[in-house]
Amino acid sequence: MTTKPTAADVVAAGVERREARWLLEEFGGDAARLAAAVERRRRGEPLQYIVGHWPFRGLDLDLDRRVLIPRPETEELVGVALDELAARRVAAPTLLDLGCGSGAIGLSLVSELAARGVRATLVALDVSPGALAVARRNARKHALTSVSFLEGSWYEALDASLAARFDLIVANPPYVGVVEYRDLDPVIAHEPRGALVAADARGVPGLADLVRVVEGAPHWLVAGGALVVEHGDRHREALRRVAAGAGLRDLVDHDDLAGKPRILVAHRP
Ligand SMILES: C[S@@+](CC[C@H](N)C(=O)[O-])C[C@H]1O[C@@H](n2cnc3c(N)ncnc32)[C@H](O)[C@@H]1O
């Protein structure tokens, strides 16, 4: 590579053209850093970790290997959650983001609600201290102050005084089955396994964390409050049964852009 690299140099080094532009934009002023970035990409590391930040809806989120790279279907989940809140016209909603990772879902909600003149309060929770560090950084980066962070496993981390207090619970828990994980694109191995893989439950691969999130929701939601949860495309029927069994009502399924069922909305009566 020359000292003033061009997109053609980066492509010639083995990077796809669109990605080469990203790398040049980020590291083009520093040939040594660019060369290191190209080498990381050539070894298969996701572009988002190399660049260190990535857009998610309206937010530019800092990302590193401690967090899942937020997916496009999760952007849709945020839209569904905003519609739920708009339908209930809660003036100052209290939100819970379970397994917040980078903070993508919860921070987007707070930010987009603020843009509509709604001041939301968010509890963002994750079992991974590394993920929480990234989420905290993203909240600071976007000056989102009405957010508190909790470390712990699902609802166990919440104080009892928060029972029946949340207008909305959002979650994108791990839901890839152990066997399915082995067959996925190896690029996935760069992301934290604990963000992706869940145990089987009720004979369904990857369902265990979804069951915990759904079964726990009624205790923490206000009457009429909504749970909006992302799941794998083979989980819909099993998850609807779990939700109905937990006493949740008015179940609505949303498909992703590929037409696969990926988001369940359920309400506490
Ligand atoms: C699929 S990632 C979602 C991250 C982020 N919400 C997003 O949509 O990009 C799942 C997240 O759940 C967290 N997680 C896994 N097990 C958990 C548990 N028992 N309690 C709380 N969070 C957990 C992981 O650390 C990870 O950040």
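Residues numbered from 1 in each chain as written. Predicted model: local features only at pLDDT ≥ 70, side-chain atom pairs only at ≥ 80, totals over all residues.

Here we take up the overall build of the protein. In terms of regular secondary structure, the protein is built from 10 helices and nine strands. Here the protein holds 269 residues, and 40% of them are scored as buried. Taking the intrachain contacts of the protein between residues at least 6 apart in sequence as the baseline, contacts between residues at least 24 apart amount to 67%. (Helix = DSSP H or I, 4+ residues; strand = E, 2+ residues; numbered from the N terminus. Buried ≥ 20, exposed ≤ 12 C-beta atoms within 10 Å, placed from the backbone. Contact = placed C-beta atoms within 7 Å.)

Here the focus is the packing of helix α9 (residues 208-220) against helix α10 (residues 236-245). As a packed pair, α9 and α10 sit with axes 8 Å apart at the nearest point and diverge in direction by 30°. In terms of orientation, α9 lies roughly parallel with respect to α10. In this structure, α9 meets α10 at a crossing whose hand is right-handed. Seen from α9, the contacting residues are L210, V211, V214 and E215; seen from α10, they are L239, V242 and A243. Per-class residue counts for the contact of α9 with α10 are six nonpolar, no polar and one charged. (Axes fitted to C-alpha atoms, helices over the stretch in contact; angles between N-to-C directions. Parallel < 35°, antiparallel > 145°, perpendicular 65-115°, else oblique. Left-handed = near helix turned anticlockwise from the far one by under 90°. Nonpolar A, V, L, I, M, F, W, Y, C, P; charged D, E, K, R; others polar.)

Taken domain by domain, the protein comprises domain 1 (7-54) and domain 2 (64-267). Relative to domain 2, the C-alpha centre of domain 1 lies at a distance of 31 Å. At the junction of the two partners, domain 1 supplies seven residues and domain 2 supplies six residues. Looking at the side of domain 1 that touches domain 2 residue by residue, the class counts come to three nonpolar, three polar and one charged. (Domains from an automatic or database assignment.)

The contact between helix α2 (residues 17-27) and helix α3 (residues 31-42) brings their axes to 9 Å, and the two run at 150°. Considered as vectors, α2 and α3 are oriented roughly antiparallel to each other. As α2 runs across α3, the sense of the crossing is right-handed. Contacts from E19, L23 and F27 in α2 reach R33, L34, A37, V38 and R41 in α3.

Okay, the nonpolar core next. Nonpolar side chains tend to gather and get buried jointly when the protein is soluble and globular. Ranked by internal contacts, the top residues of the largest apolar core, which has 65 residues, are L109, L168, I169, V170, V214, L227 and V228. Grouped together as the second largest cluster of nonpolar side chains are nine residues, V15, L23, L34 and I50 included. (Core = buried A, V, L, I, M, F, W, Y, C linked by C-beta atoms within 7 Å.)

Moving on, we get to the pairing of strand β8 (residues 249-255). Note: β8 against strand β9 (residues 261-267), five bridges, orientation antiparallel. Bridged to R249 within β9 is H267. As consecutive antiparallel partners, β8 and β9 are separated by five residues, and within that stretch G259 has a phi angle of approximately 80°, a positive value. (Pairing = 2+ DSSP bridges.)

What follows deals with the site of the ligand. What surrounds the ligand is a group of 22 residues, the closest being G99, G101, V127, N172 and A195. Counting only elements with at least two residues in the shell around the ligand, the list comes to α6 (104-115) and β4 (121-126). (Near = placed C-beta within 6 Å.)

Looking now at the environment of V170. Mapped onto the fold, V170 is located in strand β6 (residues 166-171). Given 30 C-beta atoms within 10 Å, V170 falls into the buried group. If we ignore the near neighbours within four places in the chain, the residues touching V170 are L77, A81, L95, D97, I105, G106 and V228.

Attention now moves to the pairing of strand β5 (residues 147-151). Note: β4 against β5, five bridges, orientation parallel. By the bridge assignment, V123 is partnered in β5 with S148. The handedness of the β4 to β5 crossover, carried by helix α7 (residues 129-141), is right-handed. (Right-handed = clockwise from strand over helix to strand, strands pointing away.)

Turning our eyes to something else, we now look at the sheet that holds β9. Taken in spatial order, the seven strands line up as β5-β4-β3-β6-β7-β9-β8 in an open sheet, and their pairing is mixed. The outermost strands of the open sheet, each flanked by one partner alone, are β5 and β8. Neighbour-to-neighbour, the strand axes of the sheet open up by a mean angle of 15°, direction not taken into account. Sheet topology places strand β3 (residues 94-98) next to β6; four bridges connect them, and they run parallel. Counted as the bridge partner of L96 is I169 from β6. In this fold α7 packs onto β4 and β5, with an angle of close to 175° to the strand it touches most, β5.

Compared with an ideal rise of 1.5 Å per residue, which puts 12 residues at 16 Å, α6 spans 16 Å between its outermost C-alpha atoms and is within 8% of the ideal. All buried positions along α6 are accounted for by A104, I105, G106, L107, S108, L109, V110 and L113. In the segment just after α6, G117 is the residue with positive phi, at about 80°. (Expected span 1.5 Å × (residues − 1).)

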